[in-house]
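# Summary of the model geometry
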Amino acid sequence: MDNNIRDLSIENKIQISFKKTENSKKEKTLQTLGDIFVSGLLHLAFMFTLISMFKIQGLSAMTIFLGSILIFALSCFFDNIKGIWKILIIIALFIMIISGNVYIKNGLLLTINQAISVIGKNTGLFIKEYKITIGPEMYKISINYFWSMFSLIIAFVCFMTVRNRSNLFLWIFVTPIFLLETWSGITPGFFHNLILFLASILLVNNSFIKGSNENKLFGRSKDSIILYTAFIILSLFIVFSFGLNKFKPASSYSKNSIAKDIKNTVADKIEDFRYEKKKTNTFTQGNFRKLEKLELLDIPALKITMDKPTSLYLRGYVGSKYTSESWTDLDDNIYYDSYGLFYWLNKSEFSGFSQLSTVNNLVKGSKNKDEKTNITINNINANSKYLYMPYESDIELDSFKNIKTFADSKVMSTSFSGNRFYKYKANTNLVKKYPEIASNLYDLKNKPEVKEYLKNESHYNEFIYENYTKIPRDIESLMENQLGEVPETKDIHIPYEKAIEIVKSYLDENIVYTVEPKLTPKGKDFLRYFLEESREGYATHYATAATAMFRYLGIPSRYVEGYLITPKDVKNVSDSKPIVIKGTNAHAWTEIYIDEIGWIPIEVTPPYYDVMEQTDTSEYPGGANLEKDKETNSSGDSSQGKQHIVDDEQNLNNNPNNKPDRRLTTLEKIIFTIGLIILLTILIYIVYAIRKRKELKEIKKGFENPDYKLAIPRIFSYSMSLIHYGGLSKRGGSTYGYLKDIEKNYSKKHAKIFEKAIKINQEAVFSNHEISEEQYNYMIRFMDQILYDIVESKNIFQRMKMKFWDFIY
Amino acid sequence: MLKSRIEGLIWFVLVFFAYIYSDSYFALFLFIMSVVILLFLGISTKIIKNKVEISLKVPGTINKDTLGDCYLEAKNTSFLPISKVKCRLSFKNLMTGEEGKEEVYFSINGKANEKIHWHIRSKFCGDIEVKLEEVVYYDYLGIFSTSNNLLSHNDIIVLPDMFYINIDLLESTVENSESIFYSISQKGTDSSEIFGIKEYTPEDNLKNIHWKLTSKFDELIVKELSTPIDNSILVLLETSTPIGKGRELPKTLDAMIEAFVSVSKSLLENDRMHSVGWFDPEIEGLLMAEIYTIDDLSNLLRGLLKIERKENQYSCMDYYINMEKDSVFSHIVYITSEYSEGVIKELANESQLTVLQCEDTQEEEKITENTSVFTFTPESMEEDLRQLMI
């Protein structure tokens, strides 16, 4: 029997019908194979990509292949499954979910925790992990249980996606994964990504080929075309992958310079938009490629109010890791891994930001109150990305909102346009007298509070030495060439003063200060070019070189940019009077870590030697003495200045990787509940939709009754329901009564067609006449025309309601 | 197609963004692979355009309301499979003016043939012109397409139904000395046929004395001579519409054609040679032909069914009246949907005119001197025209 009869119009009498080719077994098999191939590949690619991305451990391959089995079963038998069986399967799944509820929940939480860990290590973003309510021995079962369910769900989704010729899966699941990879840098294996991309292309191809109901494909090739095109696309992938790997191998891949430039340009523009007003200087926050002539403008950068005006180094940007193009932060996984350390340190009231103040408070006790000052920063034109803080800060960072600290190096604002107004407490200048502080601390080392401090500092010290003495190998050899071998010493490292002397001497003798140095050519290492070729520069160059040199000498150091509040700026300034710090005060310097004391700025740029107060080293107990005491205190390991953790009693607190567990917060509970409600609503809708679809299907089945005398009244009845849905009020009495309304609301032509339809219907219902196929076809066309007119008269939302809520068609 | 393009554009923007922003090798791969795929899709559509041969096969003739087997045959000579091909077919019944378009989608594997079977059925007769107007080839993802305007076309003749009409010929009053038919009611002067016999009267010509019968009856018997009459028949079909009327309904045109061929065929079955005529817009004049056999009728039918009805200030009758004629048809059957009373009166003077008028509702037969007007409806024409007197 021919199907797909289409009239060119309800009036035209030329009918075109397409012969439905009976699919041979081979073609049906090919079609099924095509569906299995696309949906199966998509499912496997998606699952393995997720597993690889988030490094899920303990999974059995069977959990994933369960989904493949489901896809195979559905592809072969879905159409043959009767309604009752579908319901039974759903019930069975429901029972499985309910019975394995604890395992599924914990499996989900374990997976989330693993994902949190991976995200943290790649982005530095710390998210607290969820508490697991089962024992570790059940973890594997739980994870496998959850992933089995997840695999089945994803398999079902893939199957339905392919079956419904949709490519929503690409946009809802695959594209977000690729975007997540881009943003976070978390990438699965290359092969997984490749297969996922391939599967997505095949999905799009499948949905395009099979198309919509209006553009149905004819012919025999439609069943096997997906396999042929899959072969073509796969060949393209293989050839191209090999080709690309040959010409641009992954192992030595570096991004194209044009792409880099575009990225940098866009990023810079965004940064300037967010954080810059009138640029007060040409310092580049450690970015060597943007370096140009140094310009320090005589315009206000900061307005600072101190109730005890004092000269200070205000730290802004801090560079932790050297690369040939810029100073950067430490790797994200270091921040993530050390989150616990800093959490417990802060809980113990130890902070790298206020270490100098803490030490000073310890040694001075109550006498210290006179040295406190309240500082208010009003950022007028300076870059607002970082908060400017002195070494003498005496703050609790919890009091600041919307900030991010980078292992106590810099304080960055997370607001869109930065932070332009903030206040904090600090001590008056302690940098100039840190040796005296160190000496006093040494004298008090047996005091309980000092012991406690030293215990905490030992953990921090370990972290500092582990991360802030590293330089790239080629820079190490450069340093060796320039400075010679590191002088041997019985101590952990050479004394600080000696190191400072070495660095300063080298820079004074070999480098010329200029505000307009030669720019580093593209492709060349900044430091190497500076020390070996140009030998000229300004604060950025000096500070970078000095930081590398200190690290080479075994002393932890960092690169800093910020502003100087000089003695000249505060001279004769009364208390609480605002001090305007201009762009001319912008500067770059290096800071080194003095054991047990904290970070201290070291001036290495010759023109600035006399700008800030000189450090009084007369009180310093001697680097050697302090180092000797460290030896006696430590358990004997003197590797490069690292100190072993002194106190082993509180293992929980001392474990740097011990992150605090937690239960769900109220907000999370609310979100979870809302999510559950949404899920329930979706499930209810699905059940409702299935039921309604079934009803509609039953109605439409009635139209195909071979007995036209039965089919026509059903068609007419459905058509009348369409007319009522279209807005015509129900009438009692004869259906001829609708004629006037139809003529009024539609047209005379419609009324005429309707009248004929009434006649045919009445003939079918009341007479003994045979109903011809022509009359039947007329009724079908009549119904289609009404439906078409009603759909056309609705807007898109009404049409969606018609189709997905009222299930009119 | 538009949806695919928009999705493709969004995808391309996203992978470009990913490549710029990310330093990963996969971002490079994704971007370049996307470009490669786009290029491949574009090039492949250009390649396949000239590698596919498409032909349309339709039956030459079909009957009304019967399925005609047609098929679209495509041959792909390239190794690349084609995911989707769209063929746009157009149909037009030249006679009734019905027209429409249909789009057929199919796939075709590399180095393979594909045959799409389809049926055509027409409720009305006519000449259906089937054109393959355009073929569009799509790439695998629906982003690019290329088209060929093929312009191949075929014709399907939908034959009109024919039914038997019991035709009684009224005696003509037109004399024709060469005719072999003689009047049964009118005496004449043709000695080839004896009209009757009567007793001699002094006015009678002595040459007409029937000597055989005279000797038998002992009275002078004379022959009455006959009048040879013309029994020529012309069946005229109106193929124009009056100005301002607009297009004739397809069912009316269909009914008129069926009446026309049925009358002609019925005459042939009664061994009545006759002529047929209609206005042919191509020659801008009346086309007339003599019909001796059913083959003659069949040969003319193809041309007749192609004629597109257009408005014309002159009817077929006007052309007939004004044309130069050697002789006059004694019987004229005029098939039309409307007629001019004046023209009919004028023609009725010369010939026995029978007008078969196709209307929506049946009206009573009108008979005037020398003119009969029969109305018939498309729905009941067989019943209405089962008995005709012309």
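So, about the overall build of chain B. Looking only at helices and strands, chain B has eight helices and 22 strands in total. Taken over the C-alpha trace, chain B has a radius of gyration of 34 Å; the compact-globule value for 390 residues is 21 Å, which it surpasses by more than 25%. Taken over the C-alpha atoms alone, chain B extends approximately 135 × 40 × 35 Å along its principal axes. Out of the 390 residues in chain B, the part that is buried amounts to 53%. Of all intrachain contacts in chain B linking residues separated by at least 6 positions in sequence, the fraction that spans at least 24 positions is 67%. One way to put it: in chain B the 37 positive side-chain charges average out to a point 10 Å from where the 62 negative ones average out.

In terms of regular secondary structure, chain A is built from 27 helices and 18 strands. Scored against the burial criterion, the 809 residues of chain A give a buried share of 48%. Put simply, 76% of the contacts in chain A that link residues at least 6 apart link residues at least 24 apart. Of the roughly 40300 Å² of accessible surface on chain A, 57% is carried by carbon and sulfur atoms.

Time to look at the sheet that holds strand β17 (residues 586-594) of chain A. Backbone hydrogen bonds hold the strands of a sheet together, and the pairing may be parallel or antiparallel. Residues and elements named next belong to chain A. The five strands lie next to each other as β9-β5-β15-β17-β18, forming an open sheet whose pairing is antiparallel. Unpaired on one side and paired on the other, β9 (389-390) and β18 (598-602) mark the two borders of the sheet. The pairing of strand β5 (residues 312-319) with β9 spans two bridges and is antiparallel. Considered in β9, the bridge of Arg 315 is made with Met 389.

All names here are of chain A. The sheet built from four strands is open, its strands ordered β12-β8-β4-β16 with antiparallel pairing. Since the sheet does not close on itself, it has two edges, and those belong to β12 (421-427) and β16 (578-582), each with one partner. Here the average twist between neighbouring strands, direction ignored, is 25 degrees. Pairing of strand β4 (residues 300-306) with β16, which is carried by five bridges, proceeds in the antiparallel orientation. Paired with Leu 302 across the two strands is Ile 581, which belongs to β16.

The next point concerns the domain arrangement of chain A. Domain annotation of chain A identifies domain 1 (25-251), domain 2 (278-646) and domain 3 (690-804). Summarising the inter-unit geometry, the C-alpha centres of domain 1 of chain A and domain 3 of chain A are found 44 Å apart.

Below, the discussion takes up the interface of chain B and chain A. Taken together, the contact pairs 61 residues of chain B with 62 residues of chain A. Approximately 5700 Å² of surface area, both sides summed, lies buried where chain B meets chain A, with 69% of it carried by carbon and sulfur atoms. Inspection of the chain B/chain A interface yields four salt bridges. We note a salt bridge from A:Lys263 to B:Asp23, for which the minimum N-O separation is 3.9 Å. Remark: the boundary between chain B and chain A carries twelve residue pairs in polar contact (both at pLDDT 80 or more). Contributions of two or more residues to the side of chain B that touches chain A are made by α1 (2-21), α2 (25-49), β4 (82-93), β5 (99-108), β6 (112-122) and β7 (126-138) of chain B. Here two bridges tie strand β3 (residues 217-218) of chain A to β5(B), and the two strands are oriented parallel to one another. Bridge assignment links A:Phe218 to a residue of β5(B), and that residue is B:Phe106.

Here the focus is the packing of aromatic side chains. The tally for this structure, following the rule as stated, stands at 63 aromatic pairs over all chains. With 6.0 Å between their ring centres and 85 degrees between their planes, A:Phe342 and A:Tyr460 make a pair best called edge-to-face. Linking A:Phe342 in helix α11 (residues 339-347) with A:Tyr460 in helix α14 (residues 448-467), this pair joins segments that are 118 residues apart in sequence. By the burial criterion, A:Phe342 is buried, and A:Tyr460 matches it. Three or more aromatic residues link up through ring pairs in this structure, and these residues are A:Phe178, A:Phe190, A:Phe197, A:Phe237, A:Phe240, B:Trp11, B:Tyr25, B:Phe26 and B:Phe29. Over the face of the ring belonging to A:Tyr609 we find A:Lys504, whose NZ or CZ atom lies 4.8 Å from the ring centre.

What follows deals with unusual backbone geometry. Trans peptide bonds make up the majority, and among non-glycine residues the majority have a negative phi. Phi is positive for A:Glu349, which is not a glycine, with a value near 65 degrees. Relative accessible area serves as the criterion here: at 70%, A:Glu349 is assigned to the exposed category. Backbone geometry places B:Lys111, a non-glycine residue, at a positive phi of 50 degrees.

Residue and element names in this part refer to chain B. Burial within strand β13 (residues 233-237) is extensive, with five of its five residues counted as buried. In β13, alternate side chains face the same way, and those of Ile 233, Val 235 and Leu 237 on one face and Leu 234 and Leu 236 on the other are all buried. In this structure, β13 lies alongside strand β18 (residues 331-336), joined through five bridges in parallel fashion. Each bridged residue has a counterpart across the sheet, and for Leu 234 the counterpart in β18 is Ile 332. Taken together, the four bridges between β13 and strand β15 (residues 274-280) define a ladder with parallel strand orientation. Bridge assignment links Leu 234 to a residue of β15, and that residue is Ser 275.

Next up on the list: a negative patch on the surface. Residues A:Glu476, A:Glu480, A:Glu485 and A:Glu488 make up a contiguous surface patch of negative charge. Within the element layout of this structure, A:Glu480 appears in helix α15 (residues 473-483).

By the assigned domains, chain B splits into domain 1 (50-159), domain 2 (181-229) and domain 3 (231-389). Taking only C-alpha atoms, the centre of domain 1 of chain B and the centre of domain 2 of chain B are 72 Å apart.

Residue and element names in this part refer to chain A. The interhelical angle for the contact between helix α22 (residues 666-703) and helix α23 (residues 708-725), taken along N-to-C directions, is 135 degrees, at an axis separation of 7 Å. What the angle tells us is that α22 and α23 run oblique. Taking contact as the criterion, the partners of Ile 699, Gly 702 and Phe 703 in α22 are, on α23, Ala 711, Arg 714, Ile 715 and Tyr 718. A class-by-class count of the residues in the contact of α22 with α23 yields five nonpolar, one polar and one charged.

Attention now moves to helix α7 (residues 341-348) of chain B. For an α-helix, the turn length of 3.6 residues means that residues three or four places apart are oriented alike. All names here are of chain B. For α7, the full list of buried residues reads Val 343, Ile 344, Leu 347 and Ala 348. In an axial view of α7, the angular spread of the buried residues amounts to 130 degrees, which keeps them on one side of the axis. As for α7, its buried residues are in contact with α6 (316-322), β18, β19 (352-358) and β21 (371-376).

This paragraph deals with the nonpolar core. Among the nonpolar cores identified, the biggest contains 115 residues, and A:Phe197, A:Phe237, B:Ile54, B:Leu72, B:Trp118 and B:Ile120 are the most heavily contacted of them. Here the element with the most residues in this core is helix α7 (residues 190-210) of chain A; it accounts for twelve residues. Beyond its immediate chain neighbours, meaning those up to four positions away, A:Phe237 contacts A:Leu194, A:Phe197, A:Leu198, A:Ile201, B:Phe29, B:Met33 and B:Ile37. In terms of nonpolar packing, the next biggest core, distinct from the first, is built from 109 residues, A:Leu527, A:Tyr552, A:Ile600 and A:Val604 among them.

On to the confidence of the model for chain A. Reading fine detail from the predicted coordinates is not recommended where pLDDT is low. This prediction gives chain A a mean pLDDT of 84; 90% of its residues lie at or above 70. When the criterion is pLDDT under 50, residues 1-10 of chain A qualifies, and its contacts beyond four places in sequence or with other chains add up to 36 contacts.

Here we take up the side chain of A:Ser200. Along the chain, A:Ser200 turns up in helix α7. Excluding anything up to four places from it in sequence, A:Ser200 contacts A:Leu42, A:Leu170 and A:Val174.

A few words now on helix α24 (residues 738-745) of chain A. All names here are of chain A. Three or more residues of α24 are buried, namely Tyr 738, Leu 739, Asp 741 and Ile 742. Buried residues along α24 cover an arc of 165 degrees about the axis, so they all sit on one side. Looking at α24, the residues exposed on the side facing more than 90 degrees away from the buried face are Lys 740 and Lys 744.

Residue and element names in this part refer to chain A. Viewed as axis vectors pointing N to C, helix α1 (residues 25-54) and helix α6 (residues 168-184) meet at an angle of 25 degrees, and their least axial separation amounts to 12 Å. It follows from the interaxial angle that α1 and α6 lie roughly parallel. As α1 packs across α6, the resulting crossing turns out to be left-handed. Counting all contacts with α1, which are made through Leu 42, Phe 46, Thr 49, Leu 50, Met 53 and Phe 54, the residues of α6 involved are Phe 169, Phe 173, Ile 177, Leu 180 and Glu 181. Taken together, the residues that form the contact of α1 with α6 break down as nine nonpolar, one polar and one charged.

Next up on the list: the state of the cysteines. Simply put, disulfide is the name for a covalent bond between the sulfur atoms of two cysteines. Residues and elements named next belong to chain B. All chains considered together, the criterion is met by zero disulfides over all chains. Its sulfur unpaired, Cys 70 is 14 Å from the next cysteine sulfur, which belongs to Cys 87. The cysteine Cys 125 is free of any disulfide, with Cys 358 supplying the nearest cysteine sulfur at 11 Å.

The next thing to look at is the pattern of salt bridges. Throughout the structure, instances matching the rule amount to 36 salt bridges over all chains. The shortest N-O distance in the salt bridge between A:Glu774 and B:Lys123 comes to 3.3 Å. In this pair, A:Glu774 sits in helix α26 (residues 773-793) while B:Lys123 sits in the loop between β6 and β7, so the two residues belong to two different chains. Assessed through its relative accessible area of 41%, A:Glu774 is described here as partly exposed.

Definitions and limits used
- Residues numbered from 1 in each chain as written.
- Chains lettered and ligands numbered in written order.
- Predicted model: local features only at pLDDT ≥ 70, side-chain atom pairs only at ≥ 80, totals over all residues.
- Heavy atoms only, no water.
- Helix = DSSP H or I, 4+ residues; strand = E, 2+ residues; numbered from the N terminus.
- Rg over C-alpha atoms; globule rule 2.2 N^0.38 Å.
- Buried < 20%, exposed > 50% of the residue type's maximum accessible area, 1.4 Å probe, protein only.
- Contact = heavy atoms within 4.5 Å.
- Lys, Arg positive; Asp, Glu negative; His and termini not counted.
- Charge placed at Lys NZ, Arg CZ, Asp CG, Glu CD.
- Areas by Shrake-Rupley, 256 points an atom, 1.4 Å probe, with all protein chains shown as cover.
- Pairing = 2+ DSSP bridges.
- Axes fitted to C-alpha atoms, helices over the stretch in contact; angles between N-to-C directions.
- Domains from an automatic or database assignment.
- Buried area = accessible area lost by both parts, 1.4 Å probe.
- Salt bridge = Lys/Arg side-chain N within 4 Å of Asp/Glu carboxyl O.
- Polar contact = N/O pair within 3.5 Å; in protein donor to acceptor, adjacent residues only side chain to side chain.
- Phe/Tyr/Trp six-rings, centres within 6.5 Å; stacked < 30°, edge-to-face > 60°.
- Lys NZ or Arg CZ within 6 Å of the ring centre and 35° of its normal.
- Patch = residues over 30% accessible without salt bridge, like charges linked within 9 Å, V, L, I, M, F, W, Y side chains within 5 Å.
- Parallel < 35°, antiparallel > 145°, perpendicular 65-115°, else oblique.
- Nonpolar A, V, L, I, M, F, W, Y, C, P; charged D, E, K, R; others polar.
- Arc of directions from axis to C-beta.
- Core = buried A, V, L, I, M, F, W, Y, C linked by side-chain atoms within 4.5 Å.
- pLDDT = per-residue confidence, 0-100.
- Left-handed = near helix turned anticlockwise from the far one by under 90°.
- Disulfide = S-S within 2.5 Å.

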